[in-house]
Amino acid sequence: MSVLAEFDGIRAALSAPGQPFELIERPIDGVPMQVYKHLPPNLSHMLVDAERFADRTCLVAGDRRWTFGEFMPLAAGLARIFRDRYGLRPGDRVALAMRNSPEWILGMFAAILAGATPVAINSRGTADDMAYTLKDAQAAILLADRRRADAIGGDYDGVLLIAEEAGGFRDRDGKALDIQPARVEPSNADQEEPGLILFTSGTTGRPKGAMLSHRSVSTFMLNLQHNGTVHLVRAAKKLGMDPAALAAVTPQYATFSTWPFFHMSGATSMILGCVGIGGKIVMMERWDPGAA
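Here's a quick rundown of the structure. (Residues numbered from 1 in each chain as written. Predicted model: local features only at pLDDT ≥ 70, side-chain atom pairs only at ≥ 80, totals over all residues. Heavy atoms only, no water.)

### Points about the pairing of strand β13 (residues 280-283)
- Residues Ile 281 and Met 283 point to one face of β13 and are all buried, whereas Lys 280 and Val 282, pointing to the other face, are not buried.
- Two elements, strand β3 (residues 57-61) and β13, share three bridges in a ladder whose sense is parallel. Pairing of Ala 61 across the sheet is with Met 283, part of β13.
- Pairing of strand β12 (residues 254-256) with β13 involves three bridges; the strand directions are parallel. Considered in β13, the bridge of Ala 254 is made with Lys 280.
- In this region the chain leaves β12, passes through helix α9 (residues 264-277) and returns to the parallel neighbour β13; the handedness of that crossover is right-handed. (Buried < 20%, exposed > 50% of the residue type's maximum accessible area, 1.4 Å probe, protein only. Helix = DSSP H or I, 4+ residues; strand = E, 2+ residues; numbered from the N terminus. Pairing = 2+ DSSP bridges. Right-handed = clockwise from strand over helix to strand, strands pointing away.)

Below, the structure written as structure tokens:
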């Protein structure tokens with residue numbers, strides 16, 4: 001049997017009826033499509049489900065470190081502030097314009113838990129491009145680091161929260177947000193609603209917002225997990241082990257954040273991909289080969 005045939009056989013077995021990646025047929029916009037039977041209702045359920053990894057390290061940034069059990073309740077606390085203090089409603093957009101940082105991920109998770117849509121702004125773009133994408137996305141809240149806030153803050157009249165170098169956020173008046181951990185609960189967002197908005201590079205004109213539904217992003221996450229499980233099952237067979245036994249002794253997955261979070265690979269493959277399997281994200285403010 002060829003390697004490809006072996007992979008195809010394992011993949012088909014894992015997606016058969018009664019298996020963890022079972023596929024069923026469902027109409028999407030009137031078109032019959034193969035979908036995962038156990039697809040979560042929306043992305044917030046992935047964050048709630050991460051409670052099973054509560055004791056695992058979730059994020060490392062220099063001297064700062066959080067477990068899943070610490071980070072997710074903080075995101076829920078920020079979501080509560082979005083709703084109660086700033087009137088964020090389901091379906092509103094929360095823009096993220098900052099360098100890679102724990103606050104970027106915290107803001108993304110908070111928006112998802114609040115039933116809003118995270119909007120990943122190209123933080124390496126010009127001030128004009130960032131201001132344009134903010135207006136185009138109709139963002140109700142902007143989370144930005146000091147550099148981007150200074151560059152575009154005057155062109156944005158919505159709620160602006162500025163990420164601090166030492167961590168946390170301040171409002172326009174310089175008052176620090178007191179983010180208290182809260183219960184991590186799912187939103188009521190529909191699978192077909194926008195779960196994430198990313199912008200194109202705008203090589204032939206203005207950047208264009210690409211709206212990704214909760215269903216499409218969740219499907220991509222399950223695709224990654226399905227593929228990973230295929231490799232696990234094949235490795236277990238080669239070792240003469242039960243796949244569950246091999247999974248139990250496999251070290252925690254860890255990824256080094258070299259991609260920008262505003263990119264598809266950063267926001268989905270890395271951030272949400274790690275959440276889905278209880279993986280750890282290690283990040284650097286700026287690239288340094290020795291420190292890496």
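### Quick look at a nonpolar patch on the surface
- Together, Leu 239, Met 241 and Val 249 make up an exposed nonpolar region whose accessible area comes to about 290 Å².
- Along the chain, the position of Val 249 falls in helix α8 (residues 243-249). (Patch = residues over 30% accessible without salt bridge, like charges linked within 9 Å, V, L, I, M, F, W, Y side chains within 5 Å. Areas by Shrake-Rupley, 256 points an atom, 1.4 Å probe, with all protein chains shown as cover. Salt bridge = Lys/Arg side-chain N within 4 Å of Asp/Glu carboxyl O.)

### Here's the deal with the environment of Ala 114
- Positionally, Ala 114 belongs in the loop between α4 (102-113) and β6 (117-120).
- Sequence spacing of Ala 114 and Leu 142 is 28 residues, and the spatial spacing of their C-alpha atoms is 15 Å.
- Sequence-distant contacts of Ala 114, defined by excluding residues within four places in its chain, comprise Ala 79, Arg 83, Leu 88 and Pro 90. (Contact = heavy atoms within 4.5 Å.)

### Considerations on helix α5 (residues 127-137)
- Residues of α5 that are buried include every one of Met 130, Ala 131, Thr 133, Leu 134 and Ala 137, and no others. The buried side chains of α5 occupy one side of the element, clustering within an arc of 165° when seen end-on.
- Looking at the buried side of α5, the elements it contacts are β5 (93-97), β6, β7 (139-145), α6 (146-152) and β10 (194-199).
- Looking at the residues trailing α5, positive phi occurs at Gln 138, about 55°. (Arc of directions from axis to C-beta.)

### Some thoughts on empty space enclosed by the protein
- Overall, the coordinates contain one cavity of 30 Å³ or more when judged by the stated rule.
- Estimated volume of the largest cavity: approximately 50 Å³.
- Along the walls of the largest cavity sit Cys 58, Leu 59, Phe 68, Phe 71, Ile 105, Phe 109, Ile 271, Cys 274, Val 275, Gly 279 and Ile 281, which together make up its complete lining.
- If you list the elements that add at least two residues to the lining of the largest cavity, you get β3, α3 (68-84), α4 and α9.
- Broken down by element, the lining of the largest cavity gets its largest block of residues, three residues, from α9. (1 Å grid on protein atoms, 1.4 Å probe; cavity = no way out; pocket = protein on both sides within 12 Å on 5 of 7 lines; lining within 4 Å. Points joined across faces, edges and corners; volume = space filled by probe spheres on them.)

### A look at the sheet that holds strand β11 (residues 209-213)
- As summarised here, the arrangement of the seven strands in space is β9-β8-β7-β5-β6-β10-β11, forming an open sheet in which the pairing is mixed. Each end of this open sheet is capped by a strand with a single partner; those strands are β9 (169-170) and β11.
- As defined by bridge partners, β7 adjoins strand β8 (residues 159-163) across five bridges and the pair is classed as parallel. In the strand pairing of β8, Ile 141 is matched with Val 159.
- Sheet strands touched by helix α7 (residues 214-239): β10 and β11. Its angle to β11, the strand with the most contacts, is close to 70°. (Axes fitted to C-alpha atoms, helices over the stretch in contact; angles between N-to-C directions.)

### Section: the nonpolar core
- With 58 residues, the main nonpolar core has Phe 82, Trp 104, Met 108, Phe 109, Leu 143 and Phe 169 as its most contacted residues.
- Residues in contact with Leu 143, not counting those within four places in the same chain, are Phe 82, Val 94, Ala 95, Leu 96, Ala 97, Met 98, Gly 107, Leu 161 and Phe 169.
- Listed in part, the 17 residues of the second largest apolar core include Ala 144, Ile 152, Tyr 156 and Phe 199. (Core = buried A, V, L, I, M, F, W, Y, C linked by side-chain atoms within 4.5 Å.)

### Considerations on the pairing of β3
- Burial analysis of β3 places five of its five residues in the buried class, which makes it a mostly covered element.
- Across four bridges, β3 lies against strand β4 (residues 64-67) in antiparallel orientation. Bridge assignment links Ala 61 to a residue of β4, and that residue is Arg 64.
- Here β3 hands over to β4 after two residues, with Gly 62 in that stretch at a positive phi of 65°.

### Structural notes on unusual backbone geometry
- Positive phi, close to 55°, is recorded for Asp 29, a residue that is not glycine.
- Asp 29 gets classed as exposed once you look at its relative accessible area, which sits at 76%.
- The backbone of Gln 138 shows a phi angle near 55°, a positive value even though the residue is not glycine.
- Within the secondary structure layout, Gln 138 lies in the loop between α5 and β7.
- Its relative accessible area of 63% is what places Gln 138 among the exposed residues.

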